[in-house]
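Listed below, chain by chain, are the residues.
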Amino acid sequence: MIADNIEKINFKFNEELSQQISGILPKGHIYELGHPCDILLSTGFPDLPIELSSTRLEEKSKQNNHPYEIIEVRNLVLALNDPIAVFLYGDERKAQNVIVELKNDNKNFVVGIFFNQSVKGNIISSVRGIFNKNNSEWLNWITQRKALYLNKKKIQILIDQQRTDLADVEYLDLNLVESLVDAFVNPL
């Protein structure tokens with residue numbers, strides 16, 4: 001039942017995303033991404049609807065330091081429901097960064113979500129940031145003890161990939177990251 005609902009929300013998101021790309025989505029549209037999954041709830045996400053402004057998505061996709069095509073966030077709802085990792089972002093009760101399997105330029109997307117935002121009289125969680133980030137940079141967040149959730153299997157695959165080009169991650173001790181991932185206890 002829950003999986004069916006997620007599929008429906010994801011389908012609607014993808015349809016609306018196509019409309020935005022085609023230029024027919026109404027200005028100021030708000031994407032509804034559903035409620036947080038059990039993994040996100042276990043890290044401290046409030047059980048509130050998650051929303052993303054089409055305007056913010058457009059703005060974030062055109063940033064000079066992280067440009068991407070909007071189509072690259074297709075299936076965002078599904079990706080949020082099976083994250084690679086969740087990290088602190090300041091006060092974990094106010095915001096968290098979710099690493100998802102969506103990629104641009106071989107870099108996973110970071111989805112920054114702020115909690116308890118008041119929008120038109122409703123309290124929601126709001127996607128404030130969505131951009132691709134060098135995997136070595138967010139893997140380093142593990143050594144900084146910012147992890148709230150880690151999908152160990154998916155992260156081990158990324159660590160193995162990072163080992164193939166050590167020049168990209170010369171500042172990152174992959175052995176330390178690997179040992180911290182192995183020892184990490186997920187909240188679920």
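As shown above, the structure is provided for reference.
In this report, we go over the structure that sits alongside the text. (Residues numbered from 1 in each chain as written. Predicted model: local features only at pLDDT ≥ 70, side-chain atom pairs only at ≥ 80, totals over all residues. Heavy atoms only, no water.)

### Digging into the overall build of the protein chain
Turning to step 1, where the next piece is worked out: When helices and strands are counted, the protein chain shows seven helices and seven strands.
Turning to step 2, where the next piece is worked out: Counting helices and strands in the order they occur from the N terminus, the protein chain gives α-β-α-β-α-α-β-β-β-β-α-β-α-α.
Turning to step 3, where the next piece is worked out: Taking all contacts inside the protein chain whose residues are at least 6 apart in sequence as the whole, residues at least 24 apart take part in 57%.
Turning to step 4, where the next piece is worked out: Charge centroids of the protein chain, computed over 20 positive and 25 negative side chains, lie 5 Å from each other. (Helix = DSSP H or I, 4+ residues; strand = E, 2+ residues; numbered from the N terminus. Contact = heavy atoms within 4.5 Å. Lys, Arg positive; Asp, Glu negative; His and termini not counted. Charge placed at Lys NZ, Arg CZ, Asp CG, Glu CD.)

### Things to note about the pattern of salt bridges
Turning to step 1, where the next piece is worked out: Taken as a whole and assessed by the stated rule, the structure comprises nine salt bridges.
Turning to step 2, where the next piece is worked out: For Glu32, the salt bridge is made with Lys12, and the minimal N-O distance between the two is 4.0 Å. Of this pair, Glu32 sits in strand 1 (residues 30–32) while Lys12 sits in helix 1 (residues 2–22), and the two are 20 residues apart along the sequence.
Turning to step 3, where the next piece is worked out: Residue Lys12 is classed as partly exposed on the basis of its relative accessible area of 43%.
Turning to step 4, where the next piece is worked out: Note that Asp91 and Arg93 form a salt bridge whose closest N and O atoms lie 2.9 Å from each other.
Turning to step 5, where the next piece is worked out: You can call Asp91 partly exposed: its relative accessible area is 26%. (Salt bridge = Lys/Arg side-chain N within 4 Å of Asp/Glu carboxyl O. Buried < 20%, exposed > 50% of the residue type's maximum accessible area, 1.4 Å probe, protein only.)

### A few points about the pairing of strand 3 (residues 85–88)
Turning to step 1, where the next piece is worked out: Here strand 3 runs beside strand 4 (residues 95–104); their pairing, made up of four bridges, is antiparallel. By the bridge assignment, Val86 is partnered in strand 4 with Val98.
Turning to step 2, where the next piece is worked out: Relative to strand 7 (residues 147–150), strand 3 is paired through three bridges, and the arrangement is antiparallel. Bridged to Ala85 within strand 7 is Leu150. (Pairing = 2+ DSSP bridges.)

### Quick look at unusual backbone geometry
Turning to step 1, where the next piece is worked out: Phi angles above zero are rare outside glycine, and Asn75 is one such case at about 70°.
Turning to step 2, where the next piece is worked out: Following the sequence through the fold, Asn75 ends up in the loop between helix 3 (54–61) and helix 4 (76–80).
Turning to step 3, where the next piece is worked out: With a relative accessible area of 28%, Asn75 lands in the partly exposed category.
Turning to step 4, where the next piece is worked out: Phi at Asn106 is positive, roughly 60°, even though this residue is not glycine.
Turning to step 5, where the next piece is worked out: Counting through the fold element by element, Asn106 comes out in the loop between strand 4 and strand 5 (107–119).

### Brief notes about the packing of helix 5 (residues 135–143) against helix 7 (residues 174–183)
A packed helix pair is summarised by two numbers, namely the angle formed by the two axes and the spacing between the axes.
Turning to step 1, where the next piece is worked out: In the contact formed by helix 5 and helix 7, the axes pass within 9 Å of each other and the chain directions differ by 60°. Compared by their axis directions, helix 5 and helix 7 come out oblique. Read as a crossing pair, helix 5 and helix 7 show a hand that is left-handed. Residues Leu139, Ile142 and Thr143 of helix 5 form the contact with helix 7, whose participating residues are Leu176, Val177, Leu180 and Val181.
Turning to step 2, where the next piece is worked out: In terms of residue class, the contact of helix 5 with helix 7 is made up of six nonpolar, one polar and no charged. (Axes fitted to C-alpha atoms, helices over the stretch in contact; angles between N-to-C directions. Parallel < 35°, antiparallel > 145°, perpendicular 65-115°, else oblique. Left-handed = near helix turned anticlockwise from the far one by under 90°. Nonpolar A, V, L, I, M, F, W, Y, C, P; charged D, E, K, R; others polar.)

### What to know about the sheet that holds strand 3
The strands making up a sheet are joined through hydrogen bonds of the backbone, oriented either antiparallel or parallel.
Turning to step 1, where the next piece is worked out: Strand order in the open sheet formed by seven strands is 1-2-6-5-4-3-7, and the pairing between neighbours is mixed. Either end of the sheet is taken by a strand with one partner, and the two such strands are strand 1 and strand 7. Taking each pair of neighbouring strands and ignoring which way they run, the sheet shows an average axis angle of 30°.
Turning to step 2, where the next piece is worked out: Across eight bridges, strand 4 lies against strand 5 in antiparallel orientation. The residue bridging Gln96 from the neighbouring strand is Ile113, located in strand 5.

### What about the environment of Leu174?
Turning to step 1, where the next piece is worked out: Structurally, Leu174 can be placed in helix 7.
Turning to step 2, where the next piece is worked out: When the C-alpha atoms of Leu174 and Phe87 are compared, they prove to be 18 Å apart, with 87 residues separating the residues in sequence.

### Things to note about the packing of helix 6 (residues 152–163) against helix 7
Turning to step 1, where the next piece is worked out: Here helix 6 crosses helix 7 at 170°, and the two axes come no closer than 11 Å. Accordingly, the angle class assigned to the pair helix 6 and helix 7 is roughly antiparallel. On helix 7, the residues that touch Lys152, Ile155, Gln156, Ile159, Gln162 and Arg163 of helix 6 are Leu174, Asn175, Val177, Glu178, Val181, Asp182 and Ala183.
Turning to step 2, where the next piece is worked out: Among the residues forming the contact of helix 6 with helix 7, the class breakdown is six nonpolar, three polar and four charged.

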